[in-house]
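# Commentary on secondary and tertiary structure
The lines below spell out each chain.
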Amino acid sequence: MDIVFDPVTIVEVGPRDGLQNEPKTIKLDEKVRLINLLSTSGLKQIEVGSFVNPKMVPQMADSGLVFSKITRRPGISYSALVPNLNGYEQAKKCSPDAIAIFCSASESFSKANLNASIDESFMRISQFISLAKKDDILVRGYVSCVTDCPFEGPVPASNVAKVVAKLREFNCYEISLGDTLGKGSPGAVDKMIDNVLNEVSVEVLAGHFHDTSGLALENIQVSLERGIRVFDTAVGGLGGCPFAPGAPGNVATELVLKYVQGKGFKTGVNMEIIMQAAKLARDIRHV
Ligand SMILES: [Zn+2]
């Protein structure tokens, strides 16, 4: 499918990146209800779930069922996070419009999160990336730890640029730069983007900021100034950071919408529906 891009495009990652960090098990029909509501808001990209090892991320174990039960609207790309060939084969049964692949800019985080070095994680991806092309499934890339790593501290911007270049080789239509810890300062984010722009053009980049330290909007501002026009957000700010209990998770969709709309950017997303979805997101995580 062709994804339509608005002047600022919001990629809703709450049902995956948000919910996967929620400690309480969220019921299947609640996930479906949330995604169906989000689908009526004008969003054009929604990450529905992931096909990672359910022992590692039990909250995502029913992603296949979520895919089968949601009402898919034309014009929306519904994506699934895929770590390896096995995950790809499971995801393919759900006919996602896109898959999201991920790697880390930090060697230690790669080993802890993927049990693989960065190079080994690329080997894994190469085992299924050609299949996605053959199956006509778009590929989106994530880089985690673009400014800070929980084990190594600050991550050199040149590392991020190298990993981004590799993801581009994998034909990712978009590469999302993830401040996984939500620790990146606007200065560090700016320097990181500057390095990344040596490898790819700004049109393929997205910003993915967690609001753990309350810096997400400032980092979005820096990204906007650099020309980035796509941002990953989670409705209701779903998902905490596992390293900082009680801290906010992904930057909230409603917060980013208000921010970019206030700056005069059109998003094609209906704020009222997002506010309803934010309430629903809060309800299902607390009930
Ligand atoms: Zn994230």
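Use the structure listed above.
Residues numbered from 1 in each chain as written. Predicted model: local features only at pLDDT ≥ 70, side-chain atom pairs only at ≥ 80, totals over all residues. Heavy atoms only, no water.

### A look at the packing of aromatic side chains
What counts here: Two rings from Phe, Tyr or Trp (for Trp, the six-membered ring) form a pair when their centres sit within 6.5 Å of each other. Planes less than 30 degrees apart are called stacked, planes more than 60 degrees apart edge-to-face, and all others tilted. Numbering of helices and strands runs from the N terminus; a helix is a DSSP stretch of H or I covering at least four residues, while a strand is a stretch of E covering at least two. Each residue is assigned to one of three classes by its accessible area relative to the maximum for its type, calculated with a 1.4 Å probe on protein chains only: buried under 20%, partly exposed between the two thresholds, exposed over 50%.
Per the counting criterion, the structure on display carries three aromatic pairs. Judged by centre distance (5.7 Å) and plane angle (20°), the ring pair of Tyr-88 and Phe-128 falls under stacked. Within this pair, whereas Tyr-88 is found in helix H4 (residues 85-92), its partner Phe-128 is found in helix H6 (residues 118-134), the two being separated by 40 residues in sequence. The exposure class assigned to Tyr-88 is buried, which follows from its relative accessible area of 1%.

### Description of the side chain of Lys-44
Note the following rule: The definition of a polar contact used here is a pair of N or O atoms within 3.5 Å, where within protein one atom must be able to donate a hydrogen and the other to accept one, and adjacent residues in sequence count solely through side-chain atom pairs. Two residues qualify as a contact provided that any one of their heavy atoms is within 4.5 Å of a heavy atom in the partner residue.
Relative to the assigned elements, Lys-44 resides in the loop between helix H2 (28-38) and strand S2 (45-50). For Lys-44, a relative accessible area of 18% corresponds to the buried category. Polar side-chain contacts of Lys-44 include one of 3.5 Å to the backbone oxygen of Gly-42. Ignoring any residue separated from it by four or fewer positions in sequence, one finds Lys-44 in contact with Val-4, Asp-6, Gly-75, Ile-76 and Ser-77.

### Observations regarding the sheet that holds strand S4 (residues 98-104)
For clarity, the cut-off: Should DSSP find at least two bridges between two strands, the strands are regarded as paired. Between N-to-C directions, angles span 0 to 180 degrees; the directions come from axes that are lines fitted to C-alpha atoms, helices contributing only their stretch in contact.
Ordered in space as S1-S2-S3-S4-S5-S8-S9-S10, the eight strands form a closed barrel in which the pairing is parallel. Put simply, the sheet's adjacent strands are angled 25° from each other on average, direction ignored. Pairing analysis gives two bridges linking strand S9 (residues 205-209) to strand S10 (residues 230-233), with the strands arranged parallel. Across the sheet, the residue bridging to Gly-207 is Phe-231, located in S10.

### Details of unusual backbone geometry
Apart from glycine, the bulk of residues carry a negative phi angle, and the bulk of peptide bonds sit in the trans form. Of note in this structure, Ser-95 is not a glycine but carries a positive phi near 45°. With respect to the helices and strands, the residue Ser-95 is situated in the loop between H4 and S4. One non-glycine residue, Asn-115, lies in the positive phi region at around 55°. Residue Asn-115 is classed as exposed on the basis of its relative accessible area, which comes to 66%.

### A look at the coordination of the zinc ion
Put simply, a metal with four donors set out as a tetrahedron has ideal angles of 109.5 degrees, and one with six donors set out as an octahedron has ideal angles of 90 or 180 degrees. Here is the rule: Only nitrogen, oxygen and sulfur atoms qualify as donors, provided they sit within 2.8 Å of the metal or within 3.2 Å for Na, K and Ca; with water excluded from the atoms, sites may seem incomplete.
The protein atoms donating to the zinc ion are Asp-17 (OD), His-208 (NE2) and His-210 (NE2), with metal-donor distances spanning 1.9 to 2.1 Å. Between the donor residues of the zinc ion, the gaps in sequence give the motif D-x190-H-x1-H. In this structure, His-208 and His-210 share a single accessibility class: buried.

### Some remarks on the layout of surface pockets
In this approach a probe as big as a water molecule rolls over the atoms, and the regions it shows empty are the leftover space. Using the following cut-off: The definitions used throughout rest on a 1 Å grid laid over the protein atoms alone, on which a cavity is an enclosed set of points accommodating a 1.4 Å probe that cannot get out and a pocket is an open set flanked by protein within 12 Å on both sides along at least five of seven lines; lining residues are those having an atom within 4 Å of a point. Grid points are joined across faces, edges and corners, and a volume is the space filled by probe spheres set on the points. Polar here means any residue outside two lists: the nonpolar Ala, Val, Leu, Ile, Met, Phe, Trp, Tyr, Cys and Pro, and the charged Asp, Glu, Lys and Arg; Gly therefore counts as polar.
Each pocket or cavity is described by its volume, and for the second largest pocket that value is around 200 Å³. Lining the second largest pocket are Met-1, Ile-129, Ser-130, Ala-132, Lys-133, Asp-136, Ile-137, Leu-138, Val-139, Glu-169, Phe-170 and Asn-171. Mapped onto the lining of the second largest pocket, the elements with two or more residues apiece are H6 and strand S5 (138-144). Per-element accounting of the lining of the second largest pocket gives the leading share, four residues, to H6. A breakdown of the residues in the lining of the second largest pocket according to their chemical character gives seven nonpolar, two polar and three charged.

### Regarding the packing of helix H7 (residues 157-169) against helix H8 (residues 186-196)
Selection criterion: What sets the label is the angle itself: under 35 degrees gives roughly parallel, over 145 gives roughly antiparallel, 65 to 115 gives roughly perpendicular, and the rest give oblique. Here is the rule for handedness: rotate from the far helix to the near one, and if that takes an anticlockwise turn smaller than a right angle the crossing is left-handed, while a clockwise turn gives right-handed.
Contact geometry for H7 and H8: axes closest at 8 Å, N-to-C directions at 40°. Between H7 and H8, the angle falls in the class oblique. Taken as a pair, H7 and H8 cross one another with a handedness that is right-handed. Of the residues in H8, those in contact with Ala-157, Ser-158, Val-160, Ala-161 and Val-164 of H7 are Lys-191, Met-192, Asn-195 and Val-196. Its residues assigned to classes, the contact of H7 with H8 comprises six nonpolar, two polar and one charged.

### Brief notes about helix H10 (residues 253-262)
The cut-off we apply is this: Arc definition: it is the arc formed by the directions from the helix axis to the C-beta atoms.
Among all positions of H10, only Thr-253, Glu-254, Val-256, Leu-257 and Val-260 are buried. For H10, the angular spread of the buried residues around the axis is 160°, confining them to a single face. Away from its buried face, by an angle of more than 90 degrees, H10 presents the exposed residues Lys-258 and Gly-262. Following H10 by one or two positions, Gly-264 has its phi on the positive side, about 95°.

### Here we look at the environment of Ser-50
With respect to the secondary-structure elements, Ser-50 resides in strand S2. Through-space distance from the C-alpha of Ser-50 to that of Glu-30 is 17 Å; in sequence the pair is 20 residues apart. If near-sequence neighbours (up to four positions away) are discounted, Ser-50 is found in contact with Arg-16, Met-60, Ser-63 and Leu-81.

### Things to note about the nonpolar core
Note the following rule: The definition of a nonpolar core used throughout is a set of buried Ala, Val, Leu, Ile, Met, Phe, Trp, Tyr and Cys residues joined through side-chain atoms within 4.5 Å.
Ile-101, Val-160 and Leu-177 are the most contacted members of the largest nonpolar core, which totals 91 residues. Leaving out residues up to four positions away in the same chain, Leu-177 has contacts with Val-143, Val-146, Val-160, Val-164, Met-192, Ile-193, Val-196, Leu-205, Ala-206, Gly-207, His-208 and Ile-228.

Such coordinate-based values are descriptive only and should not be taken to indicate function.
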